[in-house]
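Close look at the chain arrangement
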Number of protein chains: 2
Amino acid sequence: MPRISTIDLATTAGAYYAPATVAPANTQMMHIAGQPGSTKSGLVPPDYESQIHLALLNLRKILIVAGAAVRDIVKLTVYIVNYDPTRRLHTRHLQKFLAGHRPAMTLVPVTQLAAPGWLFEVDAVVARPAALAPVPRLLAGELAHHPIVDVLIVGAGLAGLMAASEVQQAGLSYTILEARDRVGGKTWSQPMGQEGEGEGGLVDLGAAWINDTNQRTAYALARRFGAEILEQNTSGLCVIEDADGVCSPFAYGSVPKFSDSISSDIARIRDMVEADCHTIDPARPQNPELDSLTFEAYLRSRGASDEALATATVWTRAMLGQDPRDLSALFFLTYCKSGGGLMQMRSDRKGGGQHLRARQGMQMIAKGLADELPEAVIRLSTPVSAIDNNSGGDGQVEVTTTTGEVFRARKVISTVPSPVLDTISFQPKLPPVKQLWAQSTSYGYYTKAMMVFRSPFWVQKGYCGLTQSFRGPAAVIRDTSSVPDGKYILTCFLTGDPGREWAALSTKAREEALVQQIGKLFGAELEATRDFVQMVTYEWVHDAYSGWGCPCPALAPGVLDTLGGGGIREPCGSVHFAGTETAVEWRGYMEGALQSGQRAAGEVIQALRSGVPARL
Amino acid sequence: MPRISTIDLATTAGAYYAPATVAPANTQMMHIAGQPGSTKSGLVPPDYESQIHLALLNLRKILIVAGAAVRDIVKLTVYIVNYDPTRRLHTRHLQKFLAGHRPAMTLVPVTQLAAPGWLFEVDAVVARPAALAPVPRLLAGELAHHPIVDVLIVGAGLAGLMAASEVQQAGLSYTILEARDRVGGKTWSQPMGQEGEGEGGLVDLGAAWINDTNQRTAYALARRFGAEILEQNTSGLCVIEDADGVCSPFAYGSVPKFSDSISSDIARIRDMVEADCHTIDPARPQNPELDSLTFEAYLRSRGASDEALATATVWTRAMLGQDPRDLSALFFLTYCKSGGGLMQMRSDRKGGGQHLRARQGMQMIAKGLADELPEAVIRLSTPVSAIDNNSGGDGQVEVTTTTGEVFRARKVISTVPSPVLDTISFQPKLPPVKQLWAQSTSYGYYTKAMMVFRSPFWVQKGYCGLTQSFRGPAAVIRDTSSVPDGKYILTCFLTGDPGREWAALSTKAREEALVQQIGKLFGAELEATRDFVQMVTYEWVHDAYSGWGCPCPALAPGVLDTLGGGGIREPCGSVHFAGTETAVEWRGYMEGALQSGQRAAGEVIQALRSGVPARL
């Protein structure tokens, strides 16, 4: 329900801000002082774009503390030092911050701001809704009440199912509420089968890879449920496509061939990121300076060349769907570290993040776990709408669903992705840092397009199928064939800005763009066109229950610093938090999801046994 | 009823803005985004002052669309690039825009604005009155209701009387509502007669000249009603007073003698304006580039010298009471074109705008027309307060007067000057473009002071009486003697900024200033002082029923472009618009008023005959 109305002229409706806004009468007008791009301790990074992130974060913090929201902003004024009208970097971040809300806005270029080094400042006028009338509860008789259980688990993805498995073993009672009509969350395996093209084989629309070295939880479960393991092919050549579209082969694991100075700079930057990430404790990442910078600003401050930045852009796009200017440097380094480092996380070989697949598709783990639980503990198609934490004053939680049911539990484990938290009505409200997390976390653009071909023509030409591109549409391509099923597949990772552009095309144009890129990368235009069978894809960006994205929500500068080292995992009252983004190891991966479920279950089991409520 | 109150200190009451403003409770706070000086299609003229006009126009547009008014503004912030504190050009235009309303205000000099070329931006906070309670209608019994007529004509000036004459001939029923206690509108002839100085003769306080060549409607009526025609004297020398006060004679129709280069530049600019105005269709003026500029900016952009600009200033002042920086270039060129071109409109000779007068005074035309109408169709002293357009849903209009009467008609012809439209309560509101017209149209300063002398000493010295001055107080003087009455008169045109300064003097000081200027111009200080009898003048600027000015409202940049070519004449529902400012030929003249009345009557007669309501 929009509270602020906009005034538009015939020509203005397309702008991301409005010519004028009208606050309803009887709202409280709130004026927000100029917010600079500083961290909570006052650190001001030298980088302009990092300051934009931090200033908007500071604005968001004030809104949260005031009980207001971005949609309550009636006017924004931004002050910019050294403003360059040909390079309006602020619009990207403001549009993301506003998320479709359109306040009135004025941009004021200035020669300096209140303190040396401030490059960006934003102030705002906000129409804070007057104290909201209490939401009318449905009459008790209209809601189906369920008996109290020890643990209520929200989400039947890998984290939720793993937590259920642990809780079950501990002998506690529990229920799992799952919004979707299936288990598995962001693992989802779809059988292929097109008339006349032969049936058999599955594609993973979501998570696909595990390894047998340092992802023991995931690997053990896959084996337990009978996975036929497929190893990633890394024996042929890889291909790099540079910013000008020139394609060059290179050996797996080597730096692509640019000029000597560029190649050595790429290697230097790669090694620096590798070394820097290993200085971080992924359980308690704390480095205000690194968290004050975007990953791009961090790289630039270390003298990264354009090609090194383009290379790093391939990393962030392929790993998170994000561009380096949208990520906190500390967040990205922590993410790498959680997977054992940049090199290991990016690797397709033994111990790497993309080493092994399962012929049956990776949803098999979730299905296997679910099959081991008793009947009826999993309630499918039951989205949660509200969580009343400590409703009875005795730590008991009441969870209401959109289906009109009330579930009661001593403990709740939420496994929903952080953007989903913002769609659930918490009573009392989540603490400010948790609200900040839920509001400022975001996915990039990340879609896998599985391109099915009649033959593995790239293998026949001596390629392993792995490619990188500085221009796209696909940033990275990997061979995800299932040879036992006779299915030859290149999985294209459409990510970041080039992915968004690709997504704006028609389905036919999307297919053509990828067939063309594949043909060019492997010098096989003829074969790619001739052997193309079909494209299989799923747009997680439209999936509300994943939080509108995939594989893992990420954080811009300043959020980790505000949350504090382990803040993401802090329980609130009787509500505990799991999900792959809360993992210490292999965050964003299936392994991380499973471990987060174990960890949250452990917290809950311990608290219920000790009888002491978790601290608020 | 002022809705915004101001907070003042002892020293601040004289400022055009207030130290603080207070919005009443229960208003909706509206925030307006920074408005640059661009046209509706986004054109940004290179000229600073033109941008000020356009930015304020854009602000006004938003106010209109929002249902708010200038008097609802509580705070203005203006942003100025290359601000020069010794040349505060914005104050003139802001003061005119605010029209006495005093918001709080901050001026922020900046080095640039959001887009290249933007030199001025304004944003605002507005306290929009909450949805107004419907105006309580007087009880039916308190209002005198009149039977329905075919046509109700608002205004018994030349346009209204001419329309009535046509409607009468078409056999339709009608009533004329006139606010004043006389007919004639901006034609008003006053008998002279001072004890001991001899009686007889009239002076025209308003419009005075017609011609017998291309003003056939006015001339035919004057002859029909028995006018004794007086021809303007152009046989002697003219005088020019330059910016330093040096007076030089020159032959009528020639360019005054400056240095050769200056004289040729003046001739060049004059010829350019003449040529440019002939490229315009006065019925549908459309040229966004010319309408984005002030007339001054247009002249400067064509390399006009200071003297050429001063000459052009004499034109705009004598023709409209305006300075070139207050007028849209397109508007002024259209105005010239409507009178057959700059040269013809300014001419006192055959075919020119100031060729013939009537010994009886020009109000005789209005009186003659009124005398031909039946008794009682003209209701004097009956100002209109409200027009309810389509009150019954069947196209019927209800017109309420300040005298507590309700008139009903199938059609209404409004002949009031556009500023008066803004004082009438329309139900439903006029469409946004008509509101914009009514709110942004304005007169300059324009007062005729008739200086009566005992002898025509200027004629005796070889002058025709026509003078121009770059400094004032009178920009132009013309001989308006009535030789048959033995009355020797110089009519001084007090216009624009020098006119406003003169108006601030006492009556005695005004007289002295003009006697002194006349003495100097004609080298006749002695005679002017000795033979001065009296000054007769009327300040149209205080006349609410003329819309606070004379002879014709004018438009600043951007308005014509927004109205569209013929937008001024578009009817709204059953209300049609006449008045000299709507004329295609001789706009601002009696001929234009008469023709506009004919045109509007034609629209109404045709619509009533066809039975099809005019399109909304």
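This text gives an overview of the structure that appears in the document. In this text, all values refer to a predicted model and were calculated from it rather than measured experimentally. (Residues numbered from 1 in each chain as written. Chains lettered and ligands numbered in written order. Predicted model: local features only at pLDDT ≥ 70, side-chain atom pairs only at ≥ 80, totals over all residues. Heavy atoms only, no water.)

This next bit is on the sheet that holds strand β4 (residues 73-81) of chain B. As summarised here, the arrangement of the six strands in space is β1(A)-β2(A)-β3(B)-β6(B)-β4(B)-β5(B), forming an open sheet in which the pairing is mixed. Each having just a single partner strand, β1 (5-7) of chain A together with β5 (104-110) of chain B make up the two edges of the open sheet. Pairwise comparison of adjacent strand axes, ignoring direction, gives a mean angle of 15 degrees for this sheet. Looking at chain direction, strand β3 (residues 27-36) of chain B and strand β6 (residues 120-129) of chain B are connected through eight bridges and run antiparallel. Each residue of the ladder has a partner; that of His-31 of chain B, found in β6 of chain B, is Val-125 of chain B. Contacts between helix α1 (residues 48-66) of chain B and the sheet are confined to β1 and β2 (20-22) of chain A together with β3, β4 and β6 of chain B, with β3 of chain B contributing the most and set at about 150 degrees to the helix. Against the sheet, helix α2 (residues 89-98) of chain B engages β4, β5 and β6 of chain B, with an angle of about 160 degrees to β4 of chain B. (Pairing = 2+ DSSP bridges. Helix = DSSP H or I, 4+ residues; strand = E, 2+ residues; numbered from the N terminus. Axes fitted to C-alpha atoms, helices over the stretch in contact; angles between N-to-C directions. Contact = heavy atoms within 4.5 Å.)

With that settled, consider the pattern of salt bridges. Residue and element names in this part refer to chain A. Per the stated rule, a full pass over the model turns up 53 salt bridges over all chains. A salt bridge links Lys-350 to Asp-212, with the shortest nitrogen-to-oxygen separation between them at 3.1 Å. With a gap of 138 residues between them, Lys-350 in the loop between α10 (342-346) and β15 (356-358) and Asp-212 in the loop between β11 (199-204) and α4 (216-224) connect regions that are remote in the sequence. A salt bridge links Lys-520 to Glu-241, with the shortest nitrogen-to-oxygen separation between them at 2.9 Å. Here the residue Lys-520 occupies a position in helix α16 (residues 507-521), and Glu-241 occupies one in strand β13 (residues 237-241), the gap between them amounting to 279 residues. Linked by salt bridges that have partners in common, Glu-49, Arg-92, Arg-317, Asp-323, Arg-325, Asp-326, Asp-497 and Arg-500 make up one network. (Salt bridge = Lys/Arg side-chain N within 4 Å of Asp/Glu carboxyl O.)

Two copies of the chain are present, and they differ by a rotation about an axis and a shift along that axis. Rotating chain A by 128 degrees about the axis while translating it 0.2 Å along that axis superimposes it on chain B, leaving an RMSD of 0.3 Å. When the interface residues of chain A are mapped onto chain B, a mere 11% of them again fall at the interface, so the copies present different faces. (Least-squares fit on C-alpha atoms with pLDDT ≥ 70 in both.)

Leu-63 and Leu-76 of chain A together with Met-30, Ile-32, Leu-63 and Leu-76 of chain B are the most contacted members of the largest nonpolar core, which has 69 residues in total. For this core, the element with the highest residue contribution is α1 of chain B, accounting for eight residues. Filtering out sequence-adjacent residues up to four positions away, Leu-76 of chain B remains in contact with Leu-59, Leu-94, Leu-98, Pro-103, Ala-104, Met-105, Thr-106, Val-122, Asp-123 and Ala-124 of chain B. (Core = buried A, V, L, I, M, F, W, Y, C linked by side-chain atoms within 4.5 Å. Buried < 20%, exposed > 50% of the residue type's maximum accessible area, 1.4 Å probe, protein only.)

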